[in-house]
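# Chains, contacts and geometry: an overview
Below are the chains, spelled out letter by letter.
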Amino acid sequence: MAKKPVLFGPHMENFEALVELLLKRGGALQVPHTSALEKELATLLSNPEKCLGLGESGYAALRAHEGATLETLKRLKTASLPEPT
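About the cut-offs
Residues numbered from 1 in each chain as written. Predicted model: local features only at pLDDT ≥ 70, side-chain atom pairs only at ≥ 80, totals over all residues. Heavy atoms only, no water. Helix = DSSP H or I, 4+ residues; strand = E, 2+ residues; numbered from the N terminus. Phe/Tyr/Trp six-rings, centres within 6.5 Å; stacked < 30°, edge-to-face > 60°. Lys NZ or Arg CZ within 6 Å of the ring centre and 35° of its normal. Core = buried A, V, L, I, M, F, W, Y, C linked by side-chain atoms within 4.5 Å. Buried < 20%, exposed > 50% of the residue type's maximum accessible area, 1.4 Å probe, protein only. Contact = heavy atoms within 4.5 Å.

Moving on, we come to the environment of Leu62. On the secondary structure map, Leu62 appears in helix 3 (residues 48-63). In the structure, Leu62 is positioned 35 residues away from Gly27 in sequence and 9.0 Å away in space, judged by C-alpha atoms.

A full pass over the atoms with the stated rule returns zero aromatic pairs. Stacked on the ring of Tyr59, the Lys or Arg Lys3 has its end atom at 4.5 Å from the ring centre.

Before going further, it helps to examine the nonpolar core. Here is a general trend for soluble globular proteins: nonpolar side chains tend to be buried in one another's company. Within the largest apolar cluster, six residues are counted, these being Phe8, Val19, Leu21, Leu22, Ala28 and Ala61. Here this core gets three residues from one element, more than from any other, and that element is helix 1 (residues 16-24). Aside from chain neighbours lying at most four places away, what touches Phe8 is Val19, Leu23, Ala28, Leu29, Gln30 and Val31.

Here's what the structure looks like:
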């Protein structure tokens, strides 16, 4: 992972759980419109410490879930399924 700041707009309905996780952990910024995006980008570009912190927080939030898909697949593969009727 690149540990870079993540910014996204208001329409993230298909990713609600991820958005909630990143925002709760301070790992992303959600902006309501283009001018807010420009303002946040300018702030980040002038503040390397904030950039670093945002990237690190996002990385930490996602790292906690690393391997979840593989683990799910392993469990599905070994699960005993009921016989079709």
